[in-house]
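Coordinate analysis (summary)
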Amino acid sequence: MNQNQAKKQNFALPIAIMFALFFMIAFVTGYQNPLGSVIEKMSDGNPIMSQIGTLANFIAYAFMGYPAGKLLQNRGFRVTALWAVTIGFIGVLVTYLSGFVGTDSTAVVIYLIGAFIAGFSMCLLNTVVNPMLNSLGSTPNKGNQLVQFGGAFNSLGATLAPVIVGGLLGGAASSISSANPVFYLAMGIFALAFVVLFFSKLPESPDLGKPQAKVNTAGAFRYRNFTFGVIAIFCYVGLEVGIANWTYQFLEKHNDIIAITDAPGAIAGTVCGLYWLLMLVGRLLGGVVGGKVSSRAMLVTASLGAMVFLLLGIFSQETLVPFIGFSSADLAFNTVQIPLNAIFFVLCGLFASVMWGAIFNLSVTGLGKYTAVASGIFMVMVCGGGVFPAIQAVIAGNAGALASFWLPFALATYIFIYAVALSRAQAGLPEEPEVLVED
């Protein structure tokens, strides 16, 4: 009993730091969206520039996904986490410094470098925080509980990022430095995390230093459910981020909102924050019913729901409806009017929330020794969260913001097809021999 109490006491601060890092993964990723409006203004109104920071942030996963897994395997939780928070601090610092550059074009380049560096950190953090929290639990159930709490903090970060940054930027912000308080907060959390992790004694990965089975990565693609699942994950992250980002952009530019308040970015941020809040609600509901409903049934329902609400959003008249929004003018929540379309887009968050887990579950069914390889490949495919919103920007520039939502609809359609047909695992594939290798 005393040992357990000591363990809880010793690990209380590291657990809190892991929760903070879960928060930061979503927060640093999320503030790229409202900052995109500033980057667009600094780039002569080119709509694709509104998504360039998100693209830089997510494309880093394509470069860092595999190395992150190898670093964790070879150096363990503590070293990987220290590298992650160090790189995160540098990424936010570079973004912060971009606000003090006189020339807009140079400032945008520096900002993109910062977003790209931050993306490396987010990939590393995603790789390490889940298994580290699981190890910090005194029992397997406790470890799973800590991971679930961490996920809640992640959703909280995604909810607050557009609200806070949108409020700071206001309606006429044309400088990255308007969001300096956010950068101070982020750098402070990363610095504190480094100190705590450096001086803490943490449980380490049980596989650290052991010979690892050499697995042929290409062998995983013999499994149809995995091959098409990789595409589904790529599409899913693009759908999740694209809906949120372009709901924000659609509202931020809407003239009716501009006429009501001096801070359309703040109102757009509040609406976008609601999307991520509904993601949290959906994940909680998914956790409750997950033991009773199959992953396939859950994914079919989620993709169909997203398709329906995307169609409602695209075809609805831009009728204004009441909404409680946050205004930077008086730092208060006020009743404003927003287009009905945005409400339908926000409701997609409930359905998108459960897609990742369902796709992952269906994709790795029957993979056996390839499951770890699959996890690394999925981390690489997170870059879809940058690629597809950028494509939406091209569509929006040519056909309007509402038309750009046909892309998330197409992505949801593919996920539906995957759930119904392409996710069915093959049987009878021959096993390959495992070879233990020293790294």
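Residues numbered from 1 in each chain as written. Predicted model: local features only at pLDDT ≥ 70, side-chain atom pairs only at ≥ 80, totals over all residues. Heavy atoms only, no water.

Section: the overall build of the chain
Within the chain, the regular secondary structure consists of 16 helices and four strands. By the burial criterion, 54% of the 439 residues in the chain qualify as buried. Summarising the internal contacts of the chain: among those between residues at least 6 apart in sequence, 82% fall at separations of at least 24. About 18,000 Å² of surface is accessible on the chain, with carbon and sulfur atoms providing 66% of the total. (Helix = DSSP H or I, 4+ residues; strand = E, 2+ residues; numbered from the N terminus. Buried < 20%, exposed > 50% of the residue type's maximum accessible area, 1.4 Å probe, protein only. Contact = heavy atoms within 4.5 Å. Areas by Shrake-Rupley, 256 points an atom, 1.4 Å probe, with all protein chains shown as cover.)

As for the packing of helix α14 (residues 384-399) against helix α16 (residues 406-422)
Contact pair α14 / α16: the axes reach a minimum separation of 9 Å and the direction vectors enclose 140 degrees. By the angle between their directions, the pair α14 and α16 is classed as oblique. Residue-level contacts link F388, I391, Q392 and I395 of α14 to L407, P408 and L411 of α16. Looking at the contact of α14 with α16, its residues break down into six nonpolar, one polar and no charged. (Axes fitted to C-alpha atoms, helices over the stretch in contact; angles between N-to-C directions. Parallel < 35°, antiparallel > 145°, perpendicular 65-115°, else oblique. Nonpolar A, V, L, I, M, F, W, Y, C, P; charged D, E, K, R; others polar.)

Topic: the side chain of S363
Assignment of secondary structure puts S363 in helix α12 (residues 355-364). A relative accessible area of 0% places S363 in the buried class. One polar contact links S363 to Y418, side chain to side chain, over a distance of 3.0 Å. (Polar contact = N/O pair within 3.5 Å; in protein donor to acceptor, adjacent residues only side chain to side chain.)

Observations concerning the layout of surface pockets
Over the atoms rolls a probe the size of a water molecule, and in doing so it shows where empty space is left. Each pocket or cavity is described by its volume, and for the second largest pocket that value is around 200 Å³. If you go around the second largest pocket, you meet 13 residues; those closest to its centre are G282, L285, M298, L350 and V354. For the lining of the second largest pocket, the elements supplying multiple residues, two or more each, are α9 (264-289), α10 (295-315) and α11 (340-352). Class assignment of the residues belonging to the lining of the second largest pocket gives a composition of nine nonpolar, four polar and no charged. (1 Å grid on protein atoms, 1.4 Å probe; cavity = no way out; pocket = protein on both sides within 12 Å on 5 of 7 lines; lining within 4 Å. Points joined across faces, edges and corners; volume = space filled by probe spheres on them.)

Observations regarding a nonpolar patch on the surface
A grouping of F194, V195, F198 and F199 is seen on the molecular surface, where their side chains present a nonpolar patch of about 410 Å² in accessible area. Inspection of the secondary structure puts F198 in helix α6 (residues 180-199). Accessibility expressed as a relative area gives 42% for F198, which makes it partly exposed. (Patch = residues over 30% accessible without salt bridge, like charges linked within 9 Å, V, L, I, M, F, W, Y side chains within 5 Å. Salt bridge = Lys/Arg side-chain N within 4 Å of Asp/Glu carboxyl O.)

Remarks on the packing of aromatic side chains
With the rule as written, the count across this model stands at 22 aromatic pairs. On the basis of an interplanar angle of 10 degrees and a centroid distance of 5.0 Å, the ring pair of F19 and F153 is categorised as stacked. Note that F19 is positioned in helix α1 (residues 2-30) and F153 in helix α5 (residues 140-169), a separation of 134 residues in sequence. With a centroid separation of 5.4 Å and an interplanar angle of 65 degrees, the aromatic rings of F360 and F378 are classed as edge-to-face. Separated by 18 residues along the polypeptide, F360 in helix α12 and F378 in helix α13 (residues 371-380) bring together distant segments of the chain. Overall, F378 belongs to the buried group, its relative accessible area being 1%. A connected cluster of aromatic rings, assembled from ring pairs, spans F23, F27, Y31 and F183. The aromatic ring of F198 is capped on one face by R78, whose charged end is 5.4 Å from the ring centroid. (Phe/Tyr/Trp six-rings, centres within 6.5 Å; stacked < 30°, edge-to-face > 60°. Lys NZ or Arg CZ within 6 Å of the ring centre and 35° of its normal.)

Observations concerning the environment of A68
As for its placement among the helices and strands, A68 is situated in helix α3 (residues 52-98). Classification of A68 by relative accessible area gives buried; the value is 0%. Counting along the chain gives 308 residues from A68 to G376, while the straight-line C-alpha distance between them is 8.4 Å. When sequence neighbours within four positions are dropped, the list of residues in contact with A68 reads C123, L124 and T127.

A closer look at the pattern of salt bridges
Pairs can form between side chains of opposite charge once their charged atoms are near each other. A full pass over the atoms with the stated rule returns one salt bridge. Across the pair E240 and R283 runs a salt bridge, and its minimum N-O distance is 3.8 Å. Taken together, the residues span a long stretch of sequence, with E240 in helix α7 (residues 224-252) and R283 in helix α9 at a distance of 43 residues. A residue is classified by how much of its surface remains accessible, and R283, at 34% relative accessible area, is partly exposed.

Thoughts on the side chain of E240
Note on E240: relative accessible area 12%, which makes it buried. Apart from the residues within four sequence positions on either side, E240 is in contact with Y275, W276, M279 and R283.

So, the confidence of the model for the chain
The pLDDT averaged across the chain works out to 82; a share of 84% of its residues lies at or above 70. When mean pLDDT is compared element by element in the chain, α16 scores highest at 96, while strand β4 (residues 435-437) scores lowest at 40. Scored below 50 in pLDDT, residues 1-8 makes two contacts in the model with residues more than four places away or belonging to other chains. A low-confidence stretch, residues 433-439 stays under pLDDT 50, and its non-local contacts, those more than four residues away or across chains, total 17 contacts. (pLDDT = per-residue confidence, 0-100.)

Structural notes on the environment of G386
The topology assignment puts G386 in helix α14. For G386, a relative accessible area of 0% puts it in the buried group. C-alpha separation for the pair G386 and Y61, spaced 325 residues apart in sequence, amounts to 9.7 Å. For G386, the contacting residues outside a window of four places in its chain are T54, L55 and F58.

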